[in-house]
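An overview of the molecular structure
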Amino acid sequence: MGEKAIPSLRRRVKRSCPSCGPEPGGEEKKGRGNPISVQLFPPELVEHIISFLPVRDVVALGQTCHYFHEVCDAEGVWRRICRKLSPRLREQDTKGLYFQAFGGRRRCLNKSVAPLLAHGYRRFLPTKDHIFILDYAGTLFFLKNALVSSTLGQIQWKRACRYVVLCRGAKDFASDPRCDTVYRKYLYVLATREQLEVVGTTGSRVCDCVEVYLQSSGQRVFKMTFHHSMSFKQIVLVGQETQRALLLLTEEGKIYSLVVNETQLDQPRSYTVQLALRKVSRCLPHLRVACMASNQSSTLYITDPILCSWLQSPWLGG
């Protein structure tokens, strides 16, 4: 008797992401039935399956195609991942800002003290005693006396802290780039404000400005306003206190800089500073910088598209 051909029990999964196109050779053939598409699964099921992956695998999967980019960026996926990483989180505590120490034997998760009225948490910055939080609506919150030292020498949240709105219309903010929070005396806020066109008229224009606040009290001590034609999206600091360089990134990807003396900011005076085009934008005008990062002595520029990065030190020229 001749052997009978046993049909394969494996079912072929078709890659049907619109951005990737159909799988090569994936056309329907007679006698094989309809292929299965991942997009036919309920979104909740796909998110549940992806949440079991390690974080680095979720990020890598989100870079494969447009469909998985949207799925891996869903709030439900990261909500399950956070719950898996921190099982002590309760369902009502998933929105908030938490402090978790990774050093030592105790890895306790302290209670959230972040402002509940914030529209998400875009970024935050700890100073010596306080926390500054910027939400996606451009509101900058000031959490006073948010961090305290425990009897074991660990930093933890102070549950009885209070918060106030420092300013609105903020785009970005920065402080001393050194890791030691003792040096973060001032907070530089890049914001948008309405300015009168001419004194005595009712017309106004929207202009970008940099406002400087004392981190200890939240008091504004200095403000500089730019021309309405200049629009910025990011600010970073570099250099010493007496020669503090403010790097400002425009919407077009160009970088400008100006220098201030922090030791004179708390003095009631007015003076003019010069806004100059940075060397990376002068020498490489065809490159569009997407974001910046800095420490006390150097700056990292990331271009868009990501073709290269440019590391620049102050002593190499502006």
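Structure's up top.
Just so you know, these numbers come straight off a predicted model, no measurement behind them. (Residues numbered from 1 in each chain as written. Predicted model: local features only at pLDDT ≥ 70, side-chain atom pairs only at ≥ 80, totals over all residues. Heavy atoms only, no water.)

**A closer look at the side chain of His130**
With respect to the helices, strands and loops of the structure, His130 is situated in the loop between β3 (123–126) and β4 (131–134). Judged by relative accessible area, which is 5%, His130 ranks as buried. A distance of 3.3 Å separates a polar atom in the side chain of His130 from the backbone oxygen of Ser216. (Helix = DSSP H or I, 4+ residues; strand = E, 2+ residues; numbered from the N terminus. Buried < 20%, exposed > 50% of the residue type's maximum accessible area, 1.4 Å probe, protein only. Polar contact = N/O pair within 3.5 Å; in protein donor to acceptor, adjacent residues only side chain to side chain.)

**Points about the packing of helix α2 (residues 55–62) against helix α4 (residues 75–85)**
Helix-helix packing is characterised by the crossing angle of the two axes and by the distance between the axes. Look at α2 against α4: their axes get within 12 Å of each other, and the N-to-C directions meet at 165°. Judged on the interaxial angle alone, α4 and α2 are roughly antiparallel. In the crossing of α2 with α4, the sense of the turn from one axis to the other is left-handed. Every residue of α4 that contacts α2 at Val55, Val58 and Val59 is listed here: Val77, Trp78, Ile81 and Leu85. Partitioning the contact of α2 with α4 into residue classes produces seven nonpolar, no polar and no charged. (Axes fitted to C-alpha atoms, helices over the stretch in contact; angles between N-to-C directions. Parallel < 35°, antiparallel > 145°, perpendicular 65-115°, else oblique. Left-handed = near helix turned anticlockwise from the far one by under 90°. Contact = heavy atoms within 4.5 Å. Nonpolar A, V, L, I, M, F, W, Y, C, P; charged D, E, K, R; others polar.)

**Overview of the nonpolar core**
Counting residues in each nonpolar core, the largest one holds 18 residues, and the members touching the most others are Tyr188, Val210, Met224, Ile235, Leu246 and Leu248. Going through the elements one at a time, β10 (186–196), β11 (204–214), β12 (220–225), β13 (232–238), β14 (244–250) and β15 (255–260) are the ones with two or more residues in this core. Residues contacting Ile235, with those up to four places away along its chain left out, are Asp172, Phe173, Ala174, Tyr188, Leu190, Val210, Leu246, Leu247 and Leu248. (Core = buried A, V, L, I, M, F, W, Y, C linked by side-chain atoms within 4.5 Å.)

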